[in-house]
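Listed below are the residues making up each chain.
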Amino acid sequence: MRRKLFIMLDPPKILVLGFGAIILIGALLLSLPSATTDGKGLSLLDALFTATSATCVTGLVVVDTGDTFTTFGEVVILSMIQVGGLGFMSFATLLAFILGKRISLKERLVIQEAFNNATVEGVVRLVKRILIFTAVAEIGGGILLSLRFSQDMAAGKAIYFGFFHAISNFNNAGFDLMGDFRSLTAYAEDPIVNITVISLISLGGIGFIVMNELFEYRSTRRLSLHSKMALAVSGFLVAGGTILVFILEYNNPATLKPLSAAGKIFGAFYQAVTPRTAGSNTLSIPDLQQSTLFLIIFLMFIGASPGSTGGGIKTTTLAVLIGAVKSQIRGREDVTFFGRRMDYSIVSKSLTVTLIAIFLVISMTMVLTITEQGKDFLMIFFEVVSAFSTVGLSMGLTPDLSPYGKIFILITMFAGRVGPLTLAYAVARKRKEDHYRYPAGKVMIG
């Protein structure tokens, strides 16, 4: 019966239902008495919110993870982060490998949809590489963080903390165990923690397709147009973001001013990288200047690259839109990058994704200004963009959300993780292809 249902459903619906099932299972586990330190378990709404945040690798939390959950509860959250970050189809494929089962065409199509791959060709090989890349990155990052944390805590706890934060940050989740909603602010000037976590965030957010091509570069000596665009835009946003955060926060006594010269650089660099949908932070987010907060909102909205553990409209979408505007201004029809022309369908898809994202953010912000009476508008706007882009940074609104506010934010997180276009495809009715075209019409623009 389940196999028949799988075959009947199209890939977008399978992805939406798959993520929904993982969230529901996680919510039930987190509501168990054994999941929390007080022995009562989370309320159903808080459990659902936390499970959504973990599975959608967001990091927004209504209760502090380190202070509230038992080891069992933390492991449940970590498991959802891992499954949510890599996608449940990656684990289904891994199980098929172990059992020696063949991956069907329908399953390959779902994997293609999950990773935004251009073709179905080579997707199984890609999943194998993804699992290997993930294991290497998380184990390497876990060892480095464990060694550093061992200077501040017992060895067993240091190892547990090291691997938890390595997995959380590689999957761009932002959950932490430091307690009191502090995230990694105690390590703002620590080079090992900063370099390790920034590397994990960057690797998880650059996209598995890009990682695979970089791995093969020594033999192929070539990168696809997608990889070139993703790397170029990511590099520009991180470099530009670092410079701007450094300038804007340099004299802020609550953030960069008290830090050493190296600490200021690390602080600016980290806060430019983490809006790429990571969610952990080394500077106090509520204490940032309003100009910096608005910059972070912009970086969060763009997010990571396609086929990664991150959210947002994606780096390549921004590049295509900028290219389209540039071509229009110059009076050219073709949108070109690195000597290659963009197909019209790519430009159209980029515009669709961005408009749906803007509509969702504006709608949810408007709704939350009603449900969260008395809260600062920038705080609400920041929270909504963070939820949509599955970032997890917060100005402190999440723990104080009303029940309705929690529901709308978890809906936003879910929509951001599965992707606005995938969700639209899953909800929309399929219609037959038209075998005719309407006469062309003209309308004035601008």
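Above: the structure in question.
Residues numbered from 1 in each chain as written. Predicted model: local features only at pLDDT ≥ 70, side-chain atom pairs only at ≥ 80, totals over all residues. Heavy atoms only, no water.

### With respect to the overall build of the protein
Counting its secondary structure elements, the protein contains 19 helices and 2 strands. If you take every contact in the protein between residues at least 6 apart in sequence, the share linking residues at least 24 apart comes to 70%. (Helix = DSSP H or I, 4+ residues; strand = E, 2+ residues; numbered from the N terminus. Contact = heavy atoms within 4.5 Å.)

### Re the packing of helix α12 (residues 225-249) against helix α15 (residues 315-329)
A pair of packed helices is captured by two measures, namely the crossing angle of their axes and the spacing between those axes. At a minimum axis separation of 9 Å, α12 and α15 run at an interaxial angle of 95°. By the angle between their axes, α12 is roughly perpendicular relative to α15. In this structure, α12 uses H226, M229, A230, V233, S234 and L237 to contact α15, whose residues at the interface are T315, T316, L318, A319 and V320. Broken down by class, the residue content of the contact of α12 with α15 amounts to 7 nonpolar, 4 polar and no charged. (Axes fitted to C-alpha atoms, helices over the stretch in contact; angles between N-to-C directions. Parallel < 35°, antiparallel > 145°, perpendicular 65-115°, else oblique. Nonpolar A, V, L, I, M, F, W, Y, C, P; charged D, E, K, R; others polar.)

### Observations concerning the environment of L225
On the secondary structure map, L225 appears in helix α12. Distance in space between the C-alpha atoms of L225 and R340 is 7.7 Å, their sequence separation being 115 residues. Residues in contact with L225, not counting those within four places in the same chain, are F337, F338, R340 and M342.

### Thoughts on the packing of aromatic side chains
Summed over all chains, the structure comprises 8 aromatic pairs. Ring geometry for F377 versus F381: centroids 6.0 Å apart, planes at 15°, classification stacked. On the criterion of helical spacing, the pair formed by F377 and F381 is a turn pair, its members being 4 residues apart in helix α17 (residues 377-388). Connected via pairs of aromatic rings, a cluster forms that spans Y160, F161 and F164. Sitting above the plane of the Y250 ring, K264 keeps its charged end 5.4 Å from the centroid. (Phe/Tyr/Trp six-rings, centres within 6.5 Å; stacked < 30°, edge-to-face > 60°. Lys NZ or Arg CZ within 6 Å of the ring centre and 35° of its normal.)

### A word on the nonpolar core
With 110 residues, the main nonpolar core has F149, F382 and I409 as its most contacted residues. Among all residues touching F149, those that are not within four sequence positions of it are A158, F161, G162, H165, M178, Y187 and V193. (Core = buried A, V, L, I, M, F, W, Y, C linked by side-chain atoms within 4.5 Å. Buried < 20%, exposed > 50% of the residue type's maximum accessible area, 1.4 Å probe, protein only.)

### Section: the packing of helix α5 (residues 71-86) against helix α9 (residues 155-170)
Interaxial distance between α5 and α9 falls to 10 Å at its minimum, and their mutual angle equals 30°. Between α5 and α9, the interaxial angle falls into the category roughly parallel. The interaxial crossing formed by α5 with α9 has left-handed handedness. On the side of α5, the interface is formed by T71, E74, V75, L78, I81 and Q82, while α9 contributes Y160, F164, I167 and S168. Here the residues of the contact of α5 with α9 are counted per class, giving 6 nonpolar, 3 polar and 1 charged. (Left-handed = near helix turned anticlockwise from the far one by under 90°.)

### Let's talk about unusual backbone geometry
Here the phi dihedral of V57 falls at roughly 45°; this positive angle occurs in a residue that is not glycine. For R221, which is not a glycine, the phi torsion comes out positive at approximately 60°.

### Looking at helix α16 (residues 344-371)
In this model α16 runs 41 Å from its N-terminal to its C-terminal C-alpha over 28 residues, within 8% of the 40 Å that 1.5 Å per residue would give. Among all positions of α16, only V347, S350, V353, T354, A357, L360, V361, M364, T365 and L368 are buried. (Expected span 1.5 Å × (residues − 1).)

### Points about the side chain of D46
By secondary structure assignment, the location of D46 is in helix α3 (residues 44-55). Look at D46 and you get buried, because its relative accessible area is 14%. Side chain to side chain, D46 and K406 meet in a polar contact 2.7 Å long. The residues touching D46, leaving out its near neighbours within four places in the chain, are V62 and K406. (Polar contact = N/O pair within 3.5 Å; in protein donor to acceptor, adjacent residues only side chain to side chain.)

### A few points about α12
With 25 residues, α12 ought to run about 36 Å at 1.5 Å a step, and its terminal C-alpha atoms sit 36 Å apart, in line with that. Along α12, the positions that sit buried rather than exposed are S227, M229, A230, V233, S234, L237, V238, G241, T242, V245 and E249. Looking at the buried residues of α12, the elements they touch are α10 (191-206), α11 (208-220), α13 (261-273), α14 (290-302), α15 and β1 (336-337).

### Things to note about the environment of D190
Along the chain, D190 turns up in the loop between α9 and α10. Counting along the chain gives 92 residues from D190 to T282, while the straight-line C-alpha distance between them is 9.8 Å. Polar contacts involving the side chain of D190 include one to the main-chain amide nitrogen of I192, which spans 3.1 Å. Reaching out from D190, the side chain makes a polar contact with the backbone nitrogen of V193 at a distance of 2.9 Å.

### Comments concerning the pattern of salt bridges
Summed over the entire model, instances satisfying the criterion amount to 4 salt bridges. Between D46 and K406 there is a salt bridge whose closest N-O contact spans 2.7 Å. Note that D46 is positioned in helix α3 and K406 in helix α18 (residues 403-418), a separation of 360 residues in sequence. Close ionic contact of D190 with R148 constitutes a salt bridge, the shortest N to O distance being 2.4 Å. Note that D190 is positioned in the loop between α9 and α10 and R148 in helix α8 (residues 123-149), a separation of 42 residues in sequence. By sharing partners, the salt bridges in this structure join R148, D152 and D190 into a single network. (Salt bridge = Lys/Arg side-chain N within 4 Å of Asp/Glu carboxyl O.)

### Focus: the environment of L200
Looking at the element boundaries, L200 is found in helix α10. Since its relative accessible area comes to 3%, L200 is described here as buried. Taking the C-alpha atoms as reference points, L200 and G140, 60 residues apart in sequence, are found 9.5 Å from one another. Apart from the residues within four sequence positions on either side, L200 is in contact with A137, G141, A166, N169, F170 and N172.

### Topic: the side chain of S183
Along the polypeptide, S183 turns up in the loop between α9 and α10. Setting aside chain neighbours within four positions, we find S183 in contact with D176, M178, S280 and N281.

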